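As a plain string of letters, each chain reads:
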Amino acid sequence: MTSSASSGYRTGARIGVLALLWGSGFLWIKIALNHGLGPLQITVVRCLLGAAVLLLLARAAGQRLPQDARTWRRLVIAALFCNAVPFALFSLGEQTVDSGLAGVLNATTPLWALLIGLWLGTDRGLTGRRLSGLLLGFAGTLLIFAPWHHEGLLGWGPLALLGAAASYAVAFAYMGRRLTNGGTGQLALSAAQLVAASGLTTSALPVAGAMTDAPQAFDFSPTALLAVLVLGVFSTGFTFHLNYRLIAEEGATSAATVGYLLPVVSVALGALVLDETIGWRVIAGMAIVLAGVGMTRHRGPIATGVRAGTDRGPSGHARVTGVMPRR
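Residues numbered from 1 in each chain as written. Predicted model: local features only at pLDDT ≥ 70, side-chain atom pairs only at ≥ 80, totals over all residues. Heavy atoms only, no water.

> Outline the environment of valine 17, supporting the account with residue identities and numerical values.
With respect to the helices and strands, valine 17 occurs in helix α1 (residues 3–23). Taking the C-alpha atoms as reference, valine 17 lies 9.0 Å from leucine 242; in sequence the two are 225 residues apart. (Helix = DSSP H or I, 4+ residues; strand = E, 2+ residues; numbered from the N terminus.)

Take a look at the structure:
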């Protein structure tokens, strides 16, 4: 076997592992919900475990957490929109929606990101191809929701999932303008963001208990705890580290491929493990959404000597972190 073929197989294996870990997150949320854990409880444990993993990895890499108050204030805002809100909305939405569909609606994040970028004036590369992709992607989303159909998905659950995807997009727009590493390693910066998210979600537990007139005690069902453990450690913590390595060793293009596989993985796992069924309309809508996302990512030629660098936060979505010398 040639070295190039071996490298190709290695890259494919890494992409497959990442897609499985990220795409399975929707499955673990559904299992935890089915076995007694509440949406906010899942969100809190997920943030805590993900933060713990990233803190250990950052320490092993010799990276220190940010020291200045301004960075921490910005991290709190990023944690709200990139972690606390979408994590909670996904758990809330999956109370009434299949895990496979949750993964499909998550794929609309790049469409929201482009729309927000155009609105803020931070994304001026709107070619005819990208505009067509944006319209195509939202047409696919409309097909998934099918409001004209008596079995359409216009309920609070699907809308919560769509809101989670939009929240990610808001976070990336903010992070792209306000949050850079500033000398802090990416592992440490992401660990700090999840520490902030842990504080936000934990502080919401008493409020949630008061609103529901029910104590927020944790259900110690072994299945639920195992599901949220895998969700926090592997689907939230280790995935960032693995993706960071993939970007560093194989480039951002290879890492971006994972995003197209997440809804496919979530649909497949939901069908295989939970016996979920997704009709042709949702499958067709997913294909249209992914095609639209692919068109919006096409920006044309990039200036010689540099290429945009992308990084993925704990949510599993790409965000711009600067420019890197072309290898």
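> Let's hear about the packing of helix α2 (residues 25–34) against helix α3 (residues 39–60): which residues, and what values?
The N-to-C vectors of α2 and α3 enclose an angle of 130°; their axes lie 10 Å apart at closest approach. The orientation of α2 relative to α3 falls into the category oblique. As for the relative orientation of α2 and α3, their crossing is right-handed in sense. Along its contact with α2, which presents Ile29, Ala32 and Leu33, the element α3 presents Pro39, Ile42 and Arg46. Split into classes, the residues belonging to the contact of α2 with α3 amount to 5 nonpolar, no polar and 1 charged. (Axes fitted to C-alpha atoms, helices over the stretch in contact; angles between N-to-C directions. Parallel < 35°, antiparallel > 145°, perpendicular 65-115°, else oblique. Left-handed = near helix turned anticlockwise from the far one by under 90°. Contact = heavy atoms within 4.5 Å. Nonpolar A, V, L, I, M, F, W, Y, C, P; charged D, E, K, R; others polar.)

> Tell me about helix α7 (residues 128–145), residues and numbers included.
An ideal rise of 1.5 Å per residue puts 26 Å on 18 residues; α7 measures up with 26 Å between its terminal C-alpha atoms. Within the span of α7, buried status applies to Arg130, Gly133, Leu134, Gly137, Gly140, Thr141, Leu143, Ile144 and Phe145. Contacts made by the buried residues of α7 are with α5 (99–106), α6 (109–120), α8 (156–178) and α12 (280–296). A positive backbone phi angle near 45° is found at alanine 146, which sits one or two residues after α7. (Expected span 1.5 Å × (residues − 1). Buried < 20%, exposed > 50% of the residue type's maximum accessible area, 1.4 Å probe, protein only.)

Such coordinate-based values are descriptive only and should not be taken to indicate function.
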